[in-house]
Amino acid sequence: MFQRRKEWEAFSRILDQMLNGRDPHINVEYQDELPSKIRYQMVRLSEKIQGSEQQLKRERDEIRELIADIAHQMRNPLANIESYLELLGDVQCEAERQEYVEALKKTSSQLYFLTESFIKMARLENRIIQIKPDASRLSQTILHSIFQVKKAADEKEIVIDLAMDDALELSHDANWLGEAIYNMLENSVKYSPSHSVIRVSAVQNEMYTKISVSDSGIGIIEGEEEQIFQRFYRGKRTDGQPGFGLGLYLAREIVLLHGGFLKAKRNTPGLEISIFLP
């Protein structure tokens with residue numbers, strides 16, 4: 001009877017510690033006896049509860065950080081719209097009015113881009129997007145992405161050179177992988193000088209398929225090879241250049257869903273970003 005009371009008191013102490021959010025700190029080895037089994041299960045339950053609470057805290061912190069980032073990114077476009085609307089109310093010259101209207105259109109496009117990027121980001125991070133791989137020619141996916149940046153490249157008289165086997169096939173989701181490659185190309189066009197060349201290549205061996213985009217633009221400083229794939233991160237050399245630091249982050253998330261990874265390599269000058277897919 002005395003032994004049983006001690007066992008119930010031990011159970012009560014463990015439960016009190018669990019209810020107060022403390023680790024029971026009991027070194028319990030699993031045994032066949034029922035009291036020992038119950039103590040073992042209670043300690044395991046405590047560990048599981050604490051793990052869930054830590055995960056919830058991390059998720060709350062991430063949501064809080066994301067909301068702060070979104071608010072920060074949208075503040076300038078919204079302030080610009082307000083300013084241009086005030087200026088439009090006072091302007092008399094038609095040419096000046098048209099200038100403000102064009103500025104409003106540009107800012108509106110920035111907001112649309114941000115909103116679309118946030119939606120994609122949320123869908124990718126929460127694995128809502130379903131990657132639907134299909135064995136098809138990789139050249140078609142890459143050429144479609146090149147076509148999407150052609151207008152911006154032509155404006156800077158940038159040549160995009162593609163080197164790959166046209167018959168190369170890869171199991172991939174053409175829409176989403178195409179978006180990742182487009183983001184890489186857009187980044188290169190944006191930060192490359194006029195009259196330069198952007199080299200795109202795709203090679204395949206027994207282990208992986210490597211898709212690379214290499215430019216001779218502003219590049220990155222040493223130590224930024226991993227940072228440039230972080231959400232909202234912009235390289236130290238991008239000051240004064242438009243952008244939000246989302247393109248390479250979204251590209252990485254898409255490639256991860258394909259089971260691959262992204263790697264950045266500093267050129268002299270410029271940058272090479274490569275996708276590695278199994």
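If you're wondering where the values come from, they're calculated on a predicted model, not measured in any experiment. (Residues numbered from 1 in each chain as written. Predicted model: local features only at pLDDT ≥ 70, side-chain atom pairs only at ≥ 80, totals over all residues. Heavy atoms only, no water.)

1. Quick notes on the nonpolar core
Consideration 1: Counting 44 residues, the largest nonpolar core has Ile211, Ile228, Ile273 and Ile275 as its most contacted members.
Consideration 2: Sorting the residues of this core by element identifies helix H3 (94-125), helix H4 (138-155), helix H5 (174-191), strand E4 (197-204), strand E5 (209-214), helix H6 (247-257), strand E6 (261-266) and strand E7 (271-277) as the ones contributing at least two each.
Consideration 3: Looking at this core, the element that brings in the most residues is H5, giving seven residues.
Consideration 4: Residues contacting isoleucine 273, with those up to four places away along its chain left out, are Met184, Ile211, Ser212, Val213, Ile228, Phe229, Leu248, Leu262, Lys263 and Ala264. (Core = buried A, V, L, I, M, F, W, Y, C linked by side-chain atoms within 4.5 Å. Buried < 20%, exposed > 50% of the residue type's maximum accessible area, 1.4 Å probe, protein only. Helix = DSSP H or I, 4+ residues; strand = E, 2+ residues; numbered from the N terminus. Contact = heavy atoms within 4.5 Å.)

2. Notes on the packing of H5 against H6
Consideration 1: Contact geometry for H5 and H6: axes closest at 9 Å, N-to-C directions at 150 degrees. Taken together, the axes of H5 and H6 lie roughly antiparallel to each other. Note on packing geometry: the crossing formed by H5 with H6 is left-handed. Contacts between H5 and H6 involve Trp176, Leu177, Glu179, Ala180, Asn183, Met184 and Asn187 on the former and, on the latter, Gly247, Leu248, Leu250, Ala251, Ile254 and Val255.
Consideration 2: Of the residues assigned to the contact of H5 with H6, the class counts are nine nonpolar, three polar and one charged. (Axes fitted to C-alpha atoms, helices over the stretch in contact; angles between N-to-C directions. Parallel < 35°, antiparallel > 145°, perpendicular 65-115°, else oblique. Left-handed = near helix turned anticlockwise from the far one by under 90°. Nonpolar A, V, L, I, M, F, W, Y, C, P; charged D, E, K, R; others polar.)

3. Here's the deal with the side chain of serine 145
Consideration 1: Here serine 145 is to be found in helix H4.
Consideration 2: Sequence-distant contacts of serine 145, defined by excluding residues within four places in its chain, comprise Gly178, Ile181, Tyr182 and Leu185.

4. A closer look at the sheet that holds E7
One key point about sheets: their strands pair by backbone hydrogen bonds, in either a parallel or an antiparallel sense.
Consideration 1: On the basis of which strands lie adjacent, the open sheet formed by five strands has the order E2-E4-E5-E7-E6 and mixed pairing. Edge positions in the sheet fall to strand E2 (159-164) and E6, since each of these pairs with one other strand and no more. Averaged over all pairs of adjacent strands, the angle between strand axes in this sheet comes to 15 degrees, irrespective of strand direction.
Consideration 2: As defined by bridge partners, E2 adjoins E4 across six bridges and the pair is classed as parallel. For aspartate 161, the partnering residue across the bridge sits in E4 and is arginine 199.
Consideration 3: Against the sheet, H4 engages E2, E4 and E5, with an angle of about 170 degrees to E2. (Pairing = 2+ DSSP bridges.)

5. So, H5
Consideration 1: Over its 18 residues, H5 extends 26 Å from the first C-alpha to the last, a length consistent with the 26 Å expected when each residue adds 1.5 Å.
Consideration 2: Buried residues of H5: Trp176, Leu177, Gly178, Glu179, Ala180, Ile181, Asn183, Met184, Leu185, Ser188, Val189 and Tyr191, and no others.
Consideration 3: With a side-chain oxygen positioned 3.2 Å from the backbone nitrogen of asparagine 175, the residue opening H5 is aspartate 173. (Expected span 1.5 Å × (residues − 1). Polar contact = N/O pair within 3.5 Å; in protein donor to acceptor, adjacent residues only side chain to side chain.)

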